[in-house]
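Here is how the chains run, residue by residue.
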Amino acid sequence: RGSTLAPENAFHRVFEEPSMSGATRGALRRFAAALEGLGGLGGLGGLGGMTNPSSPIAAVGTRPMRRIRSFASKPAEFTFGDEDQARRYDDALASQVFRPWCEAMVEINEPVPGNKVLDLACGTGINTMLLASRVGDKVPGGRVVGVDVSRGMLAVAEAKAKNARRAPASNGGPDGLAPVTFHFGDACAEDTPWHEPFRGRFDRAYCHQGLQFMADPIEVLTRVRSALAPGGQFTCATWAPIEHQPLFLAVHRALSGPDVNRPEWGEAMLAPFAWNSNGDTRGSHAEGVRKLEDALARAGFDAPDAAVERGYVYFADVDAAAAVVRAAPFFAELIADEGLHERYVRAVRSRLEEVESEIGGFERVDAEDA
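This write-up is about the structure you can find in this document. Treat the numbers as computed from the prediction; the structure is a model and nothing was measured.

Our next topic: the overall build of the protein chain. A tally of helices and strands in the protein chain yields 10 helices and 12 strands. Intrachain contacts of the protein chain at a sequence separation of at least 6 include 78% that bridge at least 24 residues. Total accessible area on the protein chain is roughly 14,800 Å²; 47% of this is exposed by carbon and sulfur atoms.

Here you go:
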């Protein structure tokens, strides 16, 4: 269960985390009260989060007609390389952590049958396939386009789309998906002008947990704006600072501390939460909201609005929670050393107790109540 944390007069929404499959009754542990993120409305908008994560969701109104110079600083570094890592990332985060936030983002900016939709930084396609199911195939012309800079991620996304099209509805497969295509491209690099073939084409656009990794967010948002049809809307989400994400804060401390003693790994875990932090664990919601709204306005979006969302993620036990590190680029090296991995899990348990005392405790919940 969750309650919204948001600045006064910002967009408010209560997030309800669905039950997690395969959980043992009474064995679920609720970590860090909620997921938190920044979100925006103006068209529409916001931020996203995790184990007491917070996430922003940002949306826009009509397509602007001006181009603004970027103010972007050095982007966060967190690589998404080969297909094996992409599959680990998908297994660790896509269904349990990301899908509820994608659903919240799509609720804010709901596509309709026949819409042409862009999913920027589509990753392994979790949001792309959700959008394809919402657009459907009942009205001609509907389609969903995913764009990402990781060929490994795109390979997993393409396989997911192919399998979804083959799955019969009688066996639980989705029915009536809109056509889906995937394209490789750096969101803001000069040599990958992914937006050029799509100028004025899309009715809706989304970017889930991608903006914080991009070298030039103003250029990215300007390209998105140029790809929208008049009256098109854009919604994005990015994590709030890691200090509001208890599990990830514990993972960061475990990796950086003496038991694992890999501060470079701990540093890498800060990258997904870097939208409104200064390369450390600190950052304010108000700063993130202002930065997101400013970026959207400077890219030419009309009346952007951002807010903070909070939700919950459930794990069967501490080992399952610690396994979120499978998404990290260094996981293969960590798991190759059995002793090091055991020390990491013990350190996460210890750091969770430390974080628990800081935030006032976690709750144990029955699976059916999660």
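So, about the nonpolar core. For soluble globular proteins, nonpolar side chains are generally found buried alongside one another. Among the nonpolar cores identified, the biggest contains 67 residues, and L255 and Y344 are the most heavily contacted of them. Here the element with the most residues in this core is helix α1 (residues 83–108); it accounts for 12 residues. Ignoring any residue separated from it by four or fewer positions in sequence, one finds L255 in contact with V260, N261, R262, P263, W265, G266, M269, V325, F330 and Y344.

Here the focus is helix α3 (residues 151–166). Owing to its 3.6 residues per turn, the α-helix brings residues three or four apart onto one side. Look at α3: 23 Å from first C-alpha to last across 16 residues, which is about the 22 Å you get at 1.5 Å a residue. Looking at α3, one finds that the buried residues are G152, M153, L154, V156, A157, A161 and A164. Tucked inside the fold, the buried residues of α3 contact α1, α2 (126–135), β6 (143–148) and β7 (180–184).

What follows deals with the packing of aromatic side chains. The relation between two aromatic rings is expressed through the spacing of the ring centres and the mutual angle of the planes. Across all of its chains, the model carries seven aromatic pairs by this definition. Each ring, one from F198 and one from F202, has its centre 5.2 Å from the other, and the planes form 40°; the classification is tilted. Residue class for F198 comes out buried when judged on its relative accessible area of 7%. F202 sits in the buried class, given a relative accessible area of 1%. Here the aromatic rings of W265 and F330 are separated by 4.8 Å at their centres, their planes lie at 5°, and the arrangement is stacked. Here the residue W265 occupies a position in helix α6 (residues 263–268), and F330 occupies one in the loop between α8 (318–322) and α9 (331–336), the gap between them amounting to 65 residues. The pair formed by W265 and F330 is uniform in burial state, with each residue classed as buried. Ring pairing ties together the aromatic residues Y89, F98, W239, F248 and F273, which thus form one cluster. Just above the ring of F184 sits the side chain of R151; from NZ or CZ to the centre is 3.6 Å. The ring of W275 has K291 sitting right over it, with the charged end atom 4.3 Å from the ring centre.

Calculation rules
Along each chain, the written sequence defines residue order, and numbers are assigned to residues from 1. Only residues with pLDDT of at least 70 get local features here, since the model is predicted, and only at 80 or more are side-chain atom pairs given and counted; chain-wide, interface and lining totals rely on the full set of residues. Only hydrogens and water are removed before side-chain values are computed, so all heavy atoms of the structure are retained for them. Labels follow the DSSP assignment, with helices taken as runs of H or I lasting at least four residues and strands as runs of E lasting at least two, numbered in each case from the N terminus. Residue contacts are defined here by distance: any two heavy atoms, one from each residue, within 4.5 Å place the two residues in contact. Areas reported as accessible are Shrake-Rupley estimates using a 1.4 Å probe. Residue values count occlusion only from the protein chains shown. Here, the term nonpolar core denotes a set of buried Ala, Val, Leu, Ile, Met, Phe, Trp, Tyr and Cys residues that are joined through side-chain atoms within 4.5 Å. The classification of residues rests on relative accessible area computed with a 1.4 Å probe and restricted to protein chains. Under 20% of the type maximum is buried, over 50% is exposed, and intermediate values are partly exposed. To estimate the expected span of a helix, count its residues, drop one, and scale the result by 1.5 Å. The criterion for an aromatic pair is that two Phe, Tyr or Trp rings (for Trp, the six-membered ring) have centres within 6.5 Å, with stacked assigned to planes under 30 degrees apart, edge-to-face to planes over 60 apart and tilted to the rest. Placement of a positive charge over a ring is assigned whenever Lys NZ or Arg CZ falls within 6 Å of the ring centre and within 35 degrees of the normal to the ring plane.

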